[in-house]
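Each chain is listed here by its residues.
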Amino acid sequence: MLAFYYAWYDQSFWQKSLSDQPTQTYVSTDPAAMARHVRWAQQAGIDGFVQSWYGPQVEYNQTEPNFAALLDVAEQQGFQAAVDFEVTSPFLHAKADVVAALRHLLTVHAAHPAYLRLGGKPVVFFWRQGRFSAETWAAIRNQVDPERQSIWIEEGVTLSHLSHFDGHHLYSVAWDAQPEQQLIKWGNRVRNWEAQHGTSRYWVATVMPGYDDLVTGRADAFVRPRADGAYYRRCWQGAIQSGAEMVIITSFNEWLEGTQIEPSVTYGEFYLNLTRELAEQYRTGAPPLTAVPQPTAPPPTVTPFPTPTSTPTPTPTPTSTPTPTSTPTLTPTSTPSPTPTSTSTSTPTQTPTATPTVTLTPTPTPTPILPQAAVSFARVYPGLIAAGLALVLIAALAMRALIRPRRP
């Protein structure tokens, strides 16, 4: 049970017109904020954070010192942390930079007691590994980890690189209104790949509460409504049914794309509590909850990868480090960017959520029950009806005589 974590916020970030705000604003360099986040995550049943990481460069790159601080905080609180290796980081200009960054990661950070391990091996998630060919990744892996002593988890909507990685995940499924179907489908694809290649791979299912990146100003920004937790439940349903070895939440605190479960002004701790409930079902293997139906549109078609645009290096500022706004934003994709720093490489066509058609049922005309009963009585007892009418006539004549005015 993991969650994507972002450690590049300063106080100026919270001045943006975000879809929501945290209950407590913070700067990512603050160890007290990290400790609070770790406590909240543990309350929700999360085992570790996977922090977006730009590489080992310290100057103008707060993801490096902040990850080192996160590891120390995690150790103090019995928590774990790993990195989401940003292959398109503005500080990684070529293959050699990626090799050097991975060596630093595996020899320095992965040696920390709080670094996330499976079976004794450190786990590394990757973002945008499609920047390099499968053959290039084979060479990188042989240089950095020839004995396969670490676990590498790739991301995306293709398995073309999986031979050189140890597992697969989708950063996002928000482009589909029926996320459980996508997760089951991709879990099956990984299993089919295993059968074809005669080897095992990790399937890591992504769960997310919703999506809203309108604040980014992206040309195809969109909203996937949370629907009072229904979308999140559907994701967990798919994760459980897909038989995933791991689940990762997108995200704990990605505020630009509105995927956070961190306590917020709008939702309070609702999503932390819901995470704890659903995580328990995942861990125990209980039957998944029935998802609340939502109006859905046909699943979008994944379009070919466009050519990525260049990513400018953040403007150096001697007294501060770059914030998410110092790098270009992403076009949302079938696996939307976990950061505001990279250019999209796979954009599923977003289909607007269908508006449900409401069919009004006409209100039935009431049946005139009492008149029908009177008719039936008259047919059965005609004598009584005649006698009754005679009595009424006599009474009327008597009353008329009583009230007639006297002649003078």
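Residues numbered from 1 in each chain as written. Predicted model: local features only at pLDDT ≥ 70, side-chain atom pairs only at ≥ 80, totals over all residues. Heavy atoms only, no water.

Student: Before we go on, may I ask you to explain the overall build of the chain in this structure?
Tutor: Looking only at helices and strands, the chain features 9 helices and 11 strands. Sequence-distant contacts, at least 24 apart, represent 73% of the contacts inside the chain between residues at least 6 apart. Accessible surface computed for the chain: about 18,700 Å², of which carbon and sulfur atoms make up 58%. (Helix = DSSP H or I, 4+ residues; strand = E, 2+ residues; numbered from the N terminus. Contact = heavy atoms within 4.5 Å. Areas by Shrake-Rupley, 256 points an atom, 1.4 Å probe, with all protein chains shown as cover.)

Student: So what exactly am I meant to see when it comes to unusual backbone geometry here?
Tutor: With glycine set apart, most residues show a phi of negative sign, and most peptide bonds adopt trans. With an omega of 10 degrees, the peptide bond running from T250 to S251 counts as cis. Along the chain, S251 turns up in the loop between β11 (246–249) and α7 (270–284). Positive phi values are uncommon outside glycine, yet Y60 reaches one of about 60 degrees. Along the chain, Y60 falls in the loop between β2 (48–53) and α2 (63–76). With phi around 55 degrees, D228 is a residue other than glycine that occupies positive phi space. Topologically, D228 is positioned in the loop between β10 (223–224) and α6 (230–241). With a relative accessible area of 73%, D228 lands in the exposed category. (Buried < 20%, exposed > 50% of the residue type's maximum accessible area, 1.4 Å probe, protein only.)

Student: I keep staring at the packing of aromatic side chains and nothing clicks. Help me out?
Tutor: Centre-to-centre distance and the angle between the planes together describe a pair of aromatic rings. This structure, assessed with the given rule, holds 32 aromatic pairs. An angle of 55 degrees between the planes, with centres 5.0 Å apart, marks the rings of F4 and Y171 as tilted. Residue F4 is located in strand β1 (residues 2–5), and its partner Y171 is located in the loop between β7 (167–169) and α5 (179–197); the two are separated by 167 residues in the primary sequence. The interplanar angle of 20 degrees and the centroid separation of 4.7 Å between the aromatic rings of Y211 and F222 together place this pair among those described as stacked. Pair noted here: Y211 is in strand β9 (residues 211–212) and F222 is in the loop between β9 and β10, with a separation of 11 residues, a long-range link. This pair shows no difference in class: Y211 is buried, exactly as F222 is. (Phe/Tyr/Trp six-rings, centres within 6.5 Å; stacked < 30°, edge-to-face > 60°.)

Student: Hey, could you run me through the environment of Y5 in this one?
Tutor: In this structure, Y5 sits in strand β1. Sequence-wise, Y5 and H37 are 32 residues apart; in three dimensions their C-alpha atoms are separated by 9.5 Å. Not counting the four nearest positions on each side in its chain, Y5 is found in contact with M34, H37, F49, V50, Q51, S52, L70, F252 and N253. For Y5, the side chain forms a polar contact with the side chain of H37, separated by 2.8 Å. (Polar contact = N/O pair within 3.5 Å; in protein donor to acceptor, adjacent residues only side chain to side chain.)

Student: Honestly, the packing of α5 against α6 in this entry has me stumped. Any pointers?
Tutor: Angle between the axes and distance between the axes are the two parameters that describe a pair of packed helices. The interhelical angle for the contact between α5 and α6, taken along N-to-C directions, is 20 degrees, at an axis separation of 7 Å. Accordingly, the angle class assigned to the pair α5 and α6 is roughly parallel. For the element pair α5 and α6, the recorded crossing hand is right-handed. Touching P179, E180, L183 and I184 of α5 are Y231, R234, C235, Q237, G238, A239 and Q241, all from α6. (Axes fitted to C-alpha atoms, helices over the stretch in contact; angles between N-to-C directions. Parallel < 35°, antiparallel > 145°, perpendicular 65-115°, else oblique. Left-handed = near helix turned anticlockwise from the far one by under 90°.)

Student: What is the right way to read the nonpolar core from this model?
Tutor: The nonpolar side chains of a soluble globular protein tend to be buried with one another. Grouped together as the largest cluster of nonpolar side chains are 100 residues, with contacts concentrated most on F85, L102 and W137. Residues in contact with F85, not counting those within four places in the same chain, are W53, L92, V98, A101, L102, L105, V124, F125, F126 and W127. (Core = buried A, V, L, I, M, F, W, Y, C linked by side-chain atoms within 4.5 Å.)

Student: Can you walk me through helix α3 (residues 95–107) in this structure?
Tutor: Helical geometry: 3.6 residues make up each α-helical turn, so side chains three or four residues apart lie on a common side. Taking 1.5 Å of rise per residue, 13 residues should cover 18 Å, and α3 covers 18 Å from first to last C-alpha, within 8% of that figure. Contact partners of the buried residues in α3: β2, β3 (80–86), β5 (121–127), α4 (134–144) and β6 (151–155). (Expected span 1.5 Å × (residues − 1).)

Student: How should the pattern of salt bridges be read in this particular structure?
Tutor: Pairing between side chains becomes possible if they bear opposite charge and their charged atoms approach one another. Going through the model one piece at a time under the given rule, you end up with 9 salt bridges. Among the ionic pairs, D145 bridges to R141, the shortest N-O distance being 3.2 Å. The exposure classification of D145 matches that of R141, with both residues buried. What emerges from the salt-bridge pattern is a single network uniting R141, D145 and D166. (Salt bridge = Lys/Arg side-chain N within 4 Å of Asp/Glu carboxyl O.)

Student: Even after reading the chapter, I still don't get the pairing of β1, so can you show me in this structure?
Tutor: Walk down a regular strand and you will see the side chains alternate between the two sheet faces. The alternating pattern of β1 places L2 and F4 on one face and A3 and Y5 on the opposite face, and all of these are buried. Here 4 bridges tie β1 to β2, and the two strands are oriented parallel to one another. Residue pairing across strands places L2 opposite G48, the latter belonging to β2. Each parallel crossover has a hand, and for β1 linked through helix α1 (residues 31–43) to β2 it is right-handed. (Pairing = 2+ DSSP bridges. Right-handed = clockwise from strand over helix to strand, strands pointing away.)

Student: I tried to follow the confidence of the model for the chain on my own but got confused; where do I start?
Tutor: Low pLDDT marks stretches whose predicted atomic positions should not be read closely. In the predicted model, the chain carries a mean pLDDT of 80, and the fraction of residues at 70 or more is 70%. Contacts of residues 400–408 to residues separated by more than four positions or lying in other chains number 0 contacts, the stretch itself having pLDDT below 50. (pLDDT = per-residue confidence, 0-100.)

Student: How should I be thinking about α7 in this particular structure?
Tutor: Compared with the 21 Å implied by 1.5 Å per residue over 15 residues, the 22 Å span of α7 between its first and last C-alpha is a close match. Buried within α7 are the following residues: Y271, L272, L274, T275, L278, A279, Q281 and Y282. Against α1, α6 and β11 lie the buried residues of α7.

Student: Would you explain the pairing of β5 in this entry?
Tutor: Summarising burial for β5: 6 of the 7 residues are buried, a large majority. Pairing of β3 with β5, which is carried by 4 bridges, proceeds in the parallel orientation. Bridge pairing in β5 places E86 opposite W127. The antiparallel hairpin formed by strand β4 (residues 117–118) and β5 contains 2 residues in its connecting segment, where G119 sits at a positive phi of about 60 degrees. Of the pairings in the sheet, the one linking β5 to β6 comprises 3 bridges and is parallel in character. Across the sheet, V124 pairs through a bridge with W152, a residue of β6. Once you follow β5 into α4 and on to β6, the crossover reads as right-handed.

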